[in-house]
Amino acid sequence: MARKKYSIDSRIDYSVILPVFFLLLIGLVAVYIATSNDYPGTIAKVMTQQGVWIFLGCVVAFVVMLFSTEFLWKVTPYLYGLGLALMILPLIFYSPELVESTGAKNWVTIGSVTLFQPSEFMKVSYILMLARASIWFRHKVPEDNLKNDWKLLGIFALITLPVMVLLGLQKDLGTAMVFSAILAGLILLSGISWWIILPVVIAVTVIIGGFLALFLSPHGKDIFYGLGMDTYQINRISAWLDPFSYAKSIAYQQTQGMISIGSGGLGGKGFNVIDLAVPVRESDMIFTVIAEDFGFLGCAVVMTLYLVLIYRMIRVTFESNNRFYTYISTGFIMMILFHIFENVGAAIGILPLTGIPLPFISQGGSSLITNLICVGLILSMSYQNNLHHEQEVEEHFRRSERY
């Protein structure tokens, strides 16, 4: 019997690539519509940049796909250290104008050129480091009890604390929430007892409820301002809680976005038809472009593509039967779910604006390349699965020829 010849192409999981491809395509269309209406003189520049970022992201994703499990395991601590080092840069190299408009020092800017957002790349390193720490700890301490669960939480805290400190110095609350979502997902997966998790969940719920109650009190805003809370954060929460009372001031972006989404109706107004002004709709508010031009049906297509992608990632995870990869994919799934939930939730008014981009669709290189790297990690899982299967088949042939 002739042996089957394998190629790289046969090891690639196109069921993961396909929804990502369509999301990227929708993103290009949405960015074009937003830019042509808001900054028509920069269409060529913006679309070229977005195309270059997609190309670079795909190249990096392809390289990551070829990483072996052993190499990924060994390189993880170095990537984590590099990520922390990069996150220091925005505290040194930043644009005062950008900080004044956003309230955060989360972009590296040299001169007049804004380069990248290090916290986006840190998400990948953080997921890998938590995954590695979880596997290492459970291998060293296999006994399952509350004492060991607290030890594992302590390791998670040591990994998380430097990241959160740097995000605090950058005043980037939105990204800190993403890291918290990733951490929550991996804590659940790591098997930590509900006797620990449940009190924490209750405590967080009480804290959030107490915060909102105090914020809504007659002098609540003054209290938080006196405690050091930034004005832009207070304004965002105020705009979220009662947007139409501040429709002409601090809630202008949110209310315009909500009206824009509602005006799209079932089928939308048609390609490149924009009647309302929505600030920063090419990135944070890109969902309003899809809703206004393509309506509820267009939004449903986007959400379906996300569901298909997440479903395929879960399937690949189950098929891999590798705990390291399982933790990695869980971190990425939690990251992408939180991004979708927060971005769309903020656009329709059920969550405050935090500057979280919509995965694969919003304009911006850092987020786009980071998401494509994570897709490369998922593809690596599938690639390693298929490679392992090929090796088993080859071993079977060798045994057959031997006898």
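Let us look at the structure shown here. (Residues numbered from 1 in each chain as written. Predicted model: local features only at pLDDT ≥ 70, side-chain atom pairs only at ≥ 80, totals over all residues. Heavy atoms only, no water.)

## Regarding the packing of helix α2 (residues 14-38) against helix α3 (residues 43-65)
When two helices pack together, their arrangement is given by the angle between their axes and by how far apart the axes lie. Convention followed: Fitted lines through C-alpha atoms serve as axes, helices being fitted only where they are in contact, and the angles separating the N-to-C directions of these axes extend from 0 to 180 degrees. Put simply, DSSP marks the helices as runs of H or I at least four residues long and the strands as runs of E at least two long, and each gets a number from the N terminus on. Should an angle lie under 35 degrees it is considered roughly parallel, over 145 roughly antiparallel, and from 65 to 115 roughly perpendicular; all remaining angles are considered oblique. Note on convention: the crossing is left-handed when the near helix lies turned anticlockwise from the far helix by less than a right angle, right-handed when the turn is clockwise. Two residues form a contact once any of their heavy atoms are found within 4.5 Å. Each residue is assigned to one class: nonpolar for Ala, Val, Leu, Ile, Met, Phe, Trp, Tyr, Cys and Pro, charged for Asp, Glu, Lys and Arg, and polar for all the others, Gly among them.
Where α2 meets α3, the closest approach of the two axes is 10 Å, and the angle between their N-to-C directions is 160 degrees. With respect to each other, α2 and α3 are oriented roughly antiparallel. With respect to the hand of their crossing, α2 and α3 are arranged in right-handed fashion. In contact with L24, L28, V31, Y32, T35 and S36 of α2, α3 contributes I43, V46, M47, Q50 and I54. Here the contact of α2 with α3 is composed, by residue class, of eight nonpolar, three polar and no charged.

## With respect to unusual backbone geometry
Where we set the bar: Only protein chains enter the accessibility calculation, which uses a 1.4 Å probe; a residue whose area is less than 20% of its type maximum is buried, one above 50% is exposed, and one in between is partly exposed.
For K171, which is not glycine, the phi dihedral falls at a positive 60 degrees. By the secondary structure assignment, K171 is in the loop between α7 (146-170) and α8 (173-189). Its relative accessible area of 41% is what places K171 among the partly exposed residues. Phi is positive for N272, close to 60 degrees, though the residue is something other than glycine.

## What to know about the nonpolar core
Generally speaking, soluble globular proteins have nonpolar side chains that are buried together. Note the following rule: Grouping buried Ala, Val, Leu, Ile, Met, Phe, Trp, Tyr and Cys residues that are joined through side-chain atoms within 4.5 Å yields what is termed a nonpolar core.
Counting 89 residues, the largest nonpolar core has Y126, V163, Y306, I328, F332, I336 and F360 as the members making the most contacts within it. If you look at the next biggest cluster of nonpolar residues, it comprises five residues, including F215, F224, M229 and I234.

## Re a nonpolar patch on the surface
Our working definition: Candidates for patches are residues over 30% relative accessible area with no salt bridge; among them, like charges are joined within 9 Å and nonpolar side chains (Val, Leu, Ile, Met, Phe, Trp, Tyr) within 5 Å. The Shrake-Rupley method, run with a 1.4 Å probe, gives the accessible areas here. Residue values count only the displayed protein chains as cover. Only one rule defines a salt bridge in this text: a Lys or Arg side-chain nitrogen within 4 Å of an Asp or Glu carboxyl oxygen.
Residues V52, F55, L56, V59, F62, V63 and L66 make up a contiguous nonpolar surface patch of roughly 590 Å² in combined accessible area. Along the chain, the position of F62 falls in helix α3.

## Some points on the packing of helix α12 (residues 252-263) against helix α14 (residues 323-348)
The interhelical angle for the contact between α12 and α14, taken along N-to-C directions, is 90 degrees, at an axis separation of 7 Å. In terms of their interaxial angle, α12 and α14 are classed as roughly perpendicular. Between α12, through Q254, G257, M258 and I261, and α14, the contact on the second element is made entirely by A346, A347 and I348. Class assignment of the residues belonging to the contact of α12 with α14 gives a composition of five nonpolar, two polar and no charged.

## Considerations on the packing of aromatic side chains
The criterion, for reference: Here is the rule: rings of Phe, Tyr and Trp (six-membered ring for Trp) pair when centre to centre is within 6.5 Å. Planes less than 30 degrees apart are stacked, more than 60 are edge-to-face, and the remainder are tilted. The criterion for a charge sitting over a ring is simple: Lys NZ or Arg CZ within 6 Å of the ring centre, and within 35 degrees of the ring normal.
Considering all chains together, one arrives at ten aromatic pairs under this definition. Here F21 and F22 contribute two aromatic rings whose centre-to-centre distance is 5.4 Å and whose plane-to-plane angle is 70 degrees, an arrangement assigned as edge-to-face. Take F21: its relative accessible area is 47%, and that puts it in the partly exposed class. Taken together, the ring pairs connect W73, F324 and Y325 into an aromatic cluster. Cation over ring: K105 sits above Y94, and NZ or CZ is 4.2 Å from the ring centre.

## Structural notes on the environment of W194
For W194, the location among the structural elements is in helix α9 (residues 194-215). Owing to a relative accessible area of 55%, W194 belongs among the exposed residues under this scheme. As for W194 and L146, which are separated by 48 residues in sequence, their C-alpha atoms are 9.7 Å apart. Residue contacts for W194: discarding those within four places in its chain leaves L188 and P199.

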